[in-house]
Amino acid sequence: MPITETLKRNYNKLTWTWKPDSDKEAGDAIVKNMLLHWFPNKISKRSLSWNYSFYLGTISFVLFLILTLTGVVLMFLYVPSVERAYSSVKDIEYVISFGWLLRGMHRIAAHLMVAVVFLHMIRVFLTGAYKNGSAVGANRPLNWIIGLVLFVATLLLSFTGYLLPWDQLAYWAITVGTNIASAAPVVGEWIRFLLLGGNTIDQGALIRFYVLHVFFLPVLVLLLFSWHMWRVRKDGGLAIVDHEVLEQKAEKVAPVKSKTYSLLGITNGTTVHVQNTMVDEEKNTVPSSPHLMRRVWLVTAATFVVVVLLTLVFRAPLETAANPSVTPNPAKAPWYFLWLQEIVTITTVQIGSFTINGALIGGVLLPGLLLVLAAWWPYRDKSSINAVGVWFADERRRQNMVFLGIVLLVLLFTVIGTFLRGPYWNFYWPWESWPEMPIKF
Amino acid sequence: MDHKTIKDKLTFVKKDKLIISIIGIAVFLLMGFISYSYMIPEWKSYQSEFKELVEEKFGPERAATVPTGLQQVYVKELNKADRCITCHQGVEWKGLENAPEPFRTHPKEILEKHPVNKFACTTCHGGQGFATDMHDAHGLIKDWEEPVLGRDLGEFYVMSDKKALMQMNCNSCHRYDKSTKGAGYINRAKELVNEKGCRACHVINGRGGTVGPDLTYEGMKSPEQFNYERIKGFHSEFSWQIAHFKNPKESVPETVMPNFNFSSADAQALAMLVMSWKKEHIPIEYIPGHNFRDIPTEEEKEKEERMLKGPGAFFVKKNCFVCHSVSTLGIDAAAQIGPDLAMAVEDVQSRFGRTLDDFLEKPTGTMEVVLSTMITLTPEERKETIEKLRHAYDIYQQQKKDAQLAKGK
């Protein structure tokens, strides 16, 4: 090939027109394209049902989208410096057009995302959706683990964002949070130092949290999310589809004509479409476009409305500017870590001269153990294929009860930590008023 | 597939479409509501009222020059961006001296020396300059510690001069002035500091004794750092300071600070003064006389010299002078609580029926507490004390004799 031709080809590749070198490259491009694989061609009606998935995963993603859009605008307005962070947030609240709305929506969406991702995890567990069905090449346990990492990443995203307003709430929540992290054996102090870029929460910590918050963690979530979605398709869709296939088999009707849409000869293995065709298409599926599309729009718009409404009702607080010499009483971690703070308090016990380190137990060992247990569980769960994609399957009753028990305990401690702990971490019933905190004038 | 099956299969479509429509209307209404609220902020009504006022008073031509939209004073040196003038538009106008607030002209005299573009608003008045609505801007809200120090607050604290609290902010720059025009409360408090000898026990502006806490940056403390258990009524740092000045022992039982029986006004003035002592980064050009130090007067210098280097210096070093004068050795008590020690030799004998030596070795009453906790004397120091007090008594007797002789003559 003459050199001019090669140069031209390469130039063309670099600029607008994409020119696949072969039919295989062109086919691969479509097969590997995440966007083109997000939705299947047809989707079973049961996958669309509200009361199976509650669309919690979709809502999580919509919240992430709202967070990204509002976050990008906020990035133009917020100044990540100790001197100016607080006043730039004040400006966002008072003088930027719709600044309060952007910040409020960002905050509400962040809180909701933590909650919704958690609920999504509960749904997946209770429906046994981390278990493989009949699809060839399915690996749902892996997707469950990706989901767990996404959950932790969501918590970290929220936690790193908590510091940015640089007010008392932010400063002391991060103080409590990072102090809990430093209780990890051997590496604890090091982790704290690494997170804060020093021994105190100062400019070093602010810029680290900022960069993590606006770049590394969102990119991580986006990558993991893509993988998460791709795996859903690879695993044969929602787990309820596997249940549908079983039911269909039990009906003993003539076997469904199995179609494959594999791009013959130009791609390896079986394509995802094969699994979908296991369901009787004519009877039980509808085209994704427009029906799934419409549903996703519906969920997106509904999530948006809920976020805006909550923003109007609960205005984002901004306390006095961060002051390292004044500890608010009580000083609380962000709400989703308050169950841990509660456990830290309960397990900090002095027996004679021996003190049990609550921060180590409640802050490191317990959450670490729960995460490891959660990651391992799909491999331990030996229930049959009948328990895949079914709410509260009889076979999985005991593990569901234990799981729900843990969830309820976490919620209980979160509620106690959030609403019932007052000054000096004393317990107050909702009808008891906290002692009045003094003011300057 | 026949049409009926398709129809059965797609029953959800109608419902979905309905829900989408409802949500669509909700989005429309919400956005409409938010945009509408954006169009009618509180300050816009003040601005149109101001325009009407100007038109009525000065004609439509002047009214046309009234700026619209959010306004702010930005003073980089003081790190201030105050939006107060968005509503208080008449601040620098002539002829609106009698207009109702927020349109009134600012008193001229003080503005000449403190132009708005150099000092902004909140530097003197307090309040939240960031804010663009009245409630937040005036700052009597949770999470804002520097409210407008104006009439409302003055009335709340029953000040005889309702606007006096603002003088606290004068003292940010005028801290080292002996007296500041227009800051009567602060001036009175500064006088009291000298009169009552606060420096005997407290470091103030870098000078003073160490019996009590350093007060140089007392205003930096936060309200949470005070104990309100014994404070009656409203719990604020300001009320704590007032209560403490009125009767120190009542709010802090273990304190050694004497009760000076301050009047309410004096206690308020002192509370304002100590709370004005903040660590602030003020550019030197804002400090009157470019003076960053509290320079003692000649009289103060002379007294300090006498106290620290004169024959009675020992009693200053051991902090006896906080309560006791030793008049014949040139020592003036800071608080005048105990008797003059110049007569201690005969005084102890008449009060306790014991010699001075005996009493200092085994003191009773208040002195038992003082000499076992706050002031401890080694045997050598005790000896020195007795010697010095005898010497002081000798001078006292000599002076008495001289006086009698003079009288006889």
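All values reported here derive from a predicted model rather than from experimental measurement.

Asks: Any chance you could explain the overall build of chain B here in plain terms?
Replies: If you tally the helices and strands in chain B, you get 20 helices and four strands. The globule rule puts the C-alpha radius of gyration for 409 residues at 22 Å, and the 33 Å found for chain B is more than 25% above it. Dimensions of chain B, computed from the C-alpha atoms along their principal axes, are close to 130 × 70 × 35 Å. Considering chain B as a whole, with its 409 residues, one finds that 43% of them fall into the buried category. Long-range contacts, defined as pairs at least 24 residues apart, comprise 50% of the intrachain contacts of chain B with a sequence gap of at least 6. In the structure as shown, chain B presents an accessible area of about 23600 Å², 56% of it carried by carbon and sulfur atoms. One way to put it: in chain B the 55 positive side-chain charges average out to a point 1 Å from where the 58 negative ones average out.

Asks: When you look at the overall build of chain A in this model, what are you seeing that I'm missing?
Replies: From N to C terminus, chain A includes 19 helices and four strands. The buried share of chain A, reckoned over its 441 residues, is 47%. For chain A, the accessible surface area stands at approximately 22700 Å², while carbon and sulfur atoms represent 69% of it. Chain A carries 37 positive and 26 negative side-chain charges, and their two centres are separated by 4 Å.

Asks: Would you take a moment to explain the side chain of Arg 83 of chain B for this structure?
Replies: On the secondary structure map, Arg 83 of chain B appears in the loop between strand S2 (80-82) and helix H5 (108-113). Contact partners of Arg 83 of chain B, with chain neighbours within four places excluded, come to Asp 91 and Val 95 of chain A together with Gln 71, Gln 72, Gly 129, Phe 130, Ala 131 and Thr 132 of chain B.

Asks: I tried to follow the nonpolar core on my own but got confused; where do I start?
Replies: Burial of nonpolar side chains together is a common tendency in soluble globular proteins. In terms of nonpolar packing, the biggest core is built from 109 residues, with Tyr 78, Trp 144, Leu 163, Trp 166 and Ile 201 of chain A touching the most fellow members. If one sorts the elements of this core by residue count, helix H8 (residues 99-126) of chain A sits on top with 17 residues. Ignoring anything within four residues of it in the chain, the contact list for Trp 144 of chain A reads Met 121, Val 124, Phe 125, Tyr 130, Ala 374, Ala 375 and Pro 378 of chain A. Ranked by size, the runner-up nonpolar core spans 32 residues in total, among them Leu 149, Leu 215, Met 272 and Ala 335 of chain B.

Asks: Would you mind showing me how to read the interface of chain A and chain B here?
Replies: By a widely used convention, the size of an interface equals the accessible area lost when the partners come together. Taken together, the contacts link 37 residues of chain A with 50 residues of chain B. Summed over both sides, the interface of chain A with chain B buries roughly 3800 Å², with 70% coming from carbon and sulfur. Together, Tyr 94, Lys 440 and Phe 441 of chain A form the three largest contributors to the area buried by chain A at its contact with chain B, with a combined 25%. Note that Glu 237 of chain B and Lys 440 of chain A form a salt bridge whose closest N and O atoms lie 3.2 Å from each other.

Asks: Can you help me understand the confidence of the model for chain B in this one?
Replies: Low-pLDDT stretches of the model should not have their predicted coordinates read in fine detail. Averaged over all residues, the pLDDT of chain B is 90; the fraction at 70 or higher stands at 99%. Per-element confidence in chain B ranges from a low mean pLDDT of 72 for helix H1 (residues 3-9) of chain B to a high of 96 for helix H7 (residues 122-125) of chain B.

Asks: Quick question: what am I supposed to make of the domain arrangement of chain B here?
Replies: Entries for chain B in the domain assignment read domain 1 (42-146), domain 2 (164-290) and domain 3 (298-408). Measuring from the centre of the C-alpha atoms in domain 1 of chain B to the corresponding centre in domain 3 of chain B gives 60 Å.

Asks: Whenever I open this one, unusual backbone geometry confuses me. Can you help?
Replies: Most peptide bonds adopt trans geometry, and most residues besides glycine take a negative phi value. In this model, Asn 329 of chain A is joined to Pro 330 of chain A through a cis peptide bond whose omega is 5 degrees. Within the secondary structure, Pro 330 of chain A sits in the loop between helix H16 (288-313) and helix H17 (338-347). That bond from Glu 101 of chain B to Pro 102 of chain B is cis: its omega, 10 degrees, falls within 30 degrees of zero. Although it is not a glycine, Phe 98 of chain A sits at a positive phi angle of roughly 60 degrees. Looking at the element boundaries, Phe 98 of chain A is found in the loop between helix H7 (85-94) and H8. With a phi angle near 55 degrees, Asn 79 of chain B is a residue other than glycine that sits in the positive phi range.

Asks: How should the environment of Phe 245 of chain B be read in this particular structure?
Replies: Residue and element names in this part refer to chain B. Position of Phe 245 relative to the elements: it lies in helix H12 (residues 237-246). For Phe 245, a relative accessible area of 10% corresponds to the buried category. Spatially, the C-alpha atom of Phe 245 lies 32 Å from that of His 135, the residues being 110 residues apart in sequence. If near-sequence neighbours (up to four positions away) are discounted, Phe 245 is found in contact with Met 257, Phe 262, Ala 267, Leu 270, Ala 271 and Val 274.

Asks: So what exactly am I meant to see when it comes to a negative patch on the surface here?
Replies: Negative charge collects at one region of the surface, where Glu 49, Glu 52, Glu 55 and Glu 56 of chain B lie side by side. As for its position among the elements, Glu 56 of chain B is in helix H3 (residues 42-58).

Asks: Would you mind showing me how to read the pattern of salt bridges here?
Replies: Where charged atoms of side chains with opposite charge meet at close range, the side chains can pair. Residues and elements named next belong to chain A. Summed over the entire model, instances satisfying the criterion amount to 29 salt bridges over all chains. Ionic pairing is found between Arg 46 and Glu 247, a salt bridge with its closest N-O pair at 2.3 Å. Residue Arg 46 is located in helix H4 (residues 45-48), and its partner Glu 247 is located in helix H13 (residues 239-250); the two are separated by 201 residues in the primary sequence. We note a salt bridge from Arg 103 to Glu 93, for which the minimum N-O separation is 2.7 Å.

Asks: Quick question: what am I supposed to make of the packing of aromatic side chains here?
Replies: Aromatic rings in a pair are described by how distant their centres are and how their planes are angled relative to each other. Residues and elements named next belong to chain B. A full pass over the atoms with the stated rule returns 40 aromatic pairs over all chains. On the basis of an interplanar angle of 80 degrees and a centroid distance of 5.1 Å, the ring pair of Phe 119 and Tyr 286 is categorised as edge-to-face. You can see Phe 119 sitting in helix H6 (residues 116-119) and its partner Tyr 286 sitting in the loop between helix H14 (264-276) and helix H15 (298-309), a full 167 residues away along the chain. A relative accessible area of 7% places Phe 119 in the buried class.

Asks: What should I look at first to understand the packing of H16 of chain A against helix H2 (residues 11-39) of chain B in this one?
Replies: For any two helices packed against each other, one specifies the inter-axial angle together with the distance between the axes. Two elements in contact, H16 of chain A and H2 of chain B, have axes separated by 9 Å at closest approach and are oriented at 30 degrees. Considering only the axes of H16 of chain A and H2 of chain B, their crossing is left-handed. Among the residues forming the contact of H16 of chain A with H2 of chain B, the class breakdown is 20 nonpolar, one polar and four charged.

Asks: What exactly am I supposed to notice about a nonpolar patch on the surface here?
Replies: Taken together, Ile 207, Val 211, Phe 215, Phe 216, Val 219 and Leu 223 of chain A make up a surface patch of nonpolar side chains, about 530 Å² in accessible area. What makes Val 211 of chain A partly exposed here is its relative accessible area of 33%.

Criteria and cut-off values
- Residues numbered from 1 in each chain as written.
- Chains lettered and ligands numbered in written order.
- Predicted model: local features only at pLDDT ≥ 70, side-chain atom pairs only at ≥ 80, totals over all residues.
- Heavy atoms only, no water.
- Helix = DSSP H or I, 4+ residues; strand = E, 2+ residues; numbered from the N terminus.
- Rg over C-alpha atoms; globule rule 2.2 N^0.38 Å.
- Buried < 20%, exposed > 50% of the residue type's maximum accessible area, 1.4 Å probe, protein only.
- Contact = heavy atoms within 4.5 Å.
- Areas by Shrake-Rupley, 256 points an atom, 1.4 Å probe, with all protein chains shown as cover.
- Lys, Arg positive; Asp, Glu negative; His and termini not counted.
- Charge placed at Lys NZ, Arg CZ, Asp CG, Glu CD.
- Core = buried A, V, L, I, M, F, W, Y, C linked by side-chain atoms within 4.5 Å.
- Buried area = accessible area lost by both parts, 1.4 Å probe.
- Salt bridge = Lys/Arg side-chain N within 4 Å of Asp/Glu carboxyl O.
- pLDDT = per-residue confidence, 0-100.
- Domains from an automatic or database assignment.
- Patch = residues over 30% accessible without salt bridge, like charges linked within 9 Å, V, L, I, M, F, W, Y side chains within 5 Å.
- Phe/Tyr/Trp six-rings, centres within 6.5 Å; stacked < 30°, edge-to-face > 60°.
- Axes fitted to C-alpha atoms, helices over the stretch in contact; angles between N-to-C directions.
- Left-handed = near helix turned anticlockwise from the far one by under 90°.
- Nonpolar A, V, L, I, M, F, W, Y, C, P; charged D, E, K, R; others polar.

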